[in-house]
Amino acid sequence: MPDTTRYLQAYDDQLRTDAETPSAIGVTMLGPLRLVTFAGGRGFVTYRDLGGSDAESIRGLVGEALEHFRADPEIDRVEWKSRGHDHAPGLHDALVAHGFTPGEPESIMIGPLAALCEVGDVPAGVTVRRVTTEADVRAMSAMVDEAFGEAVDARQADALLSRLARDDGMELWVAEVDGRMVSGGRLEPVPGTDFVGIWGGATLEAYRHRGIYRALTAARARSAVALGKTLVHSDSTDDSRPILERSGLVKVSTTTPYDWTR
């Protein structure tokens, strides 16, 4: 079996379950859909597959899912996570018709975790470390918002702090230059699977292309190996995908987020 096929099967079988959302504060099943509520007013829709649904059935599922989240006044935004390899007739049109906006597609990357451990040494003048204190987590969250070109959202930091308090396995890592946080990302061990996820990687524009993100990736990978994980997955932008490809990860599919805001 080719690596791509084997990895995609492992992705569908091991990750598209409750293991995908360890930080959920609530999960409701709607047919094949998992309607997930996260801290900070965020809803999320995911599924193993759509169970062979036709376009009419999918339109109904989209409408019912949105009504579920509309009924909760705390939810002000919802992400529907689609995958390029799913059989989902009419999904794009149904989501758009219900007010969802498609984001940029990202590559689903999977490969051996050990390869990432040597992806890059820490550049001179850069410090890479794990963060746990409230002040550090809030500083990291604000820096990541800035790197993505978004307004600072304190609710994101609140959600991260809530997860750290629950000790669900998530690790937060940053890279610093002269004491300033310039890059950061999460490590997400997936309980009961071979996988760890590397998420949220972002570097301030002025500090890109210096090897900082590679060093941050390697540090997270070494931490995951120490936990006994063997495979890594990541939804990667065009900026980070080449780094992962050079380390032996392969693109198995694509994922496109569709976002709705109240």
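Quick caveat, the model's predicted, so the values are computed rather than measured. (Residues numbered from 1 in each chain as written. Predicted model: local features only at pLDDT ≥ 70, side-chain atom pairs only at ≥ 80, totals over all residues. Heavy atoms only, no water.)

Some remarks on the overall build of the protein chain
When you go through the protein chain residue by residue, the secondary structure sums to seven helices and twelve strands. The C-alpha atoms of the protein chain give 18 Å as radius of gyration, which agrees with the globular expectation for 262 residues (18 Å, within 12%). In terms of overall dimensions, the protein chain has C-alpha extents of about 55 × 45 × 30 Å along its principal axes. With 262 residues in all, the protein chain has 50% of them scored as buried. Pairs at least 24 apart in sequence give 73% of the contacts found in the protein chain among residues at least 6 apart. For the protein chain, the exposed surface amounts to about 12,000 Å²; the carbon and sulfur share of it is 49%. (Helix = DSSP H or I, 4+ residues; strand = E, 2+ residues; numbered from the N terminus. Rg over C-alpha atoms; globule rule 2.2 N^0.38 Å. Buried < 20%, exposed > 50% of the residue type's maximum accessible area, 1.4 Å probe, protein only. Contact = heavy atoms within 4.5 Å. Areas by Shrake-Rupley, 256 points an atom, 1.4 Å probe, with all protein chains shown as cover.)

A few points about the pairing of strand β4 (residues 77-83)
In terms of residue burial, β4 counts as a mostly covered element, since seven of its seven residues are buried. The alternating pattern of β4 places Arg77, Glu79, Lys81 and Arg83 and Val78, Trp80 and Ser82 on opposite faces, both of which are buried. Examined bridge by bridge, strand β3 (residues 42-47) and β4 share four bridges and lie parallel to one another. What sits directly across from Val45, in β4, is Trp80. Between the parallel elements β3 and β4, the chain passes through helix α2 (residues 55-70) in a crossover that is right-handed. Sheet topology places β4 next to strand β12 (residues 250-261); seven bridges connect them, and they run antiparallel. Each residue of the ladder has a partner; that of Ser82, found in β12, is Thr256. (Pairing = 2+ DSSP bridges. Right-handed = clockwise from strand over helix to strand, strands pointing away.)

Regarding helix α6 (residues 212-226)
Compared with an ideal rise of 1.5 Å per residue, which puts 15 residues at 21 Å, α6 spans 22 Å between its outermost C-alpha atoms and is within 8% of the ideal. Taken across its 15 residues, α6 has eleven buried, putting it largely inside the fold. For α6, the full list of buried residues reads Ile212, Tyr213, Ala215, Leu216, Thr217, Ala218, Ala219, Arg220, Ala221, Ser223 and Ala224. Of the surrounding secondary structure, the elements contacted by the buried residues of α6 are β7 (126-131), β8 (171-177), β9 (180-189), β10 (195-203) and α7 (241-246). At the C-terminal side of α6, Gly228 shows a positive phi close to 95°. (Expected span 1.5 Å × (residues − 1).)

Examining the packing of helix α4 (residues 134-147) against helix α5 (residues 154-166)
For the pair α4 and α5, the least separation of the axes is 9 Å and the interaxial angle reads 135°. With respect to α5, the element α4 is oriented oblique. In this structure, α4 meets α5 at a crossing whose hand is right-handed. Together, Glu134, Val137, Arg138 and Ser141 of α4 and Ala154, Gln156, Ala157, Asp158, Leu160, Leu161 and Leu164 of α5 make up the contact between the two elements. Looking at the contact of α4 with α5, its residues break down into six nonpolar, two polar and three charged. (Axes fitted to C-alpha atoms, helices over the stretch in contact; angles between N-to-C directions. Parallel < 35°, antiparallel > 145°, perpendicular 65-115°, else oblique. Left-handed = near helix turned anticlockwise from the far one by under 90°. Nonpolar A, V, L, I, M, F, W, Y, C, P; charged D, E, K, R; others polar.)

Focus: the pattern of salt bridges
Throughout the structure, instances matching the rule amount to 23 salt bridges. Here Asp86 and Arg16 are joined by a salt bridge, their closest N and O atoms 2.8 Å apart. With a gap of 70 residues between them, Asp86 in the loop between β4 and α3 (91-97) and Arg16 in the loop between α1 (3-15) and β1 (26-30) connect regions that are remote in the sequence. The pair Asp86 / Arg16 is uniform in exposure class, with both members buried. Bridged by salt links that share partners, the residues Asp76, Arg77, Asp153 and Arg155 form one connected network. (Salt bridge = Lys/Arg side-chain N within 4 Å of Asp/Glu carboxyl O.)

What to know about the packing of aromatic side chains
The description of an aromatic ring pair uses the distance of the two centres, along with the angle that the planes make with each other. If you walk through the whole model with that rule in mind, you get three aromatic pairs. Ring centres of Phe38 and Phe44 lie 5.8 Å apart, and the angle between their planes is 55°; on these two criteria the pair is classed as tilted. Ring pairing ties together the aromatic residues Tyr47, Trp80 and Phe100, which thus form one cluster. (Phe/Tyr/Trp six-rings, centres within 6.5 Å; stacked < 30°, edge-to-face > 60°.)

Re the environment of Gly40
Relative to the elements of secondary structure, Gly40 occurs in the loop between β2 (33-38) and β3. A relative accessible area of 27% places Gly40 in the partly exposed class. Between the alpha carbons of Gly40 and Pro105 there is a distance of 24 Å; along the sequence they are 65 residues apart.

Some remarks on the environment of Ala55
Relative to the assigned elements, Ala55 resides in helix α2. The class of Ala55 is partly exposed, set by a relative accessible area of 27%. Taking the C-alpha atoms as reference points, Ala55 and Gly90, 35 residues apart in sequence, are found 4.8 Å from one another. Those residues in contact with Ala55 that lie beyond four places of it in its chain are Pro89 and Gly90.

Side note on the nonpolar core
Judged by nonpolar contacts, the single largest core of 25 residues is most densely connected at Val128, Met140, Leu172 and Ile212. In this structure, Ile212 is in contact with Pro123, Val126, Ala175, Val177, Val182, Ser183 and Tyr207, ignoring residues within four places of it in sequence. Formed by 21 residues, the second largest nonpolar core is a distinct cluster that contains Val62, Leu66, Leu95 and Tyr258. (Core = buried A, V, L, I, M, F, W, Y, C linked by side-chain atoms within 4.5 Å.)

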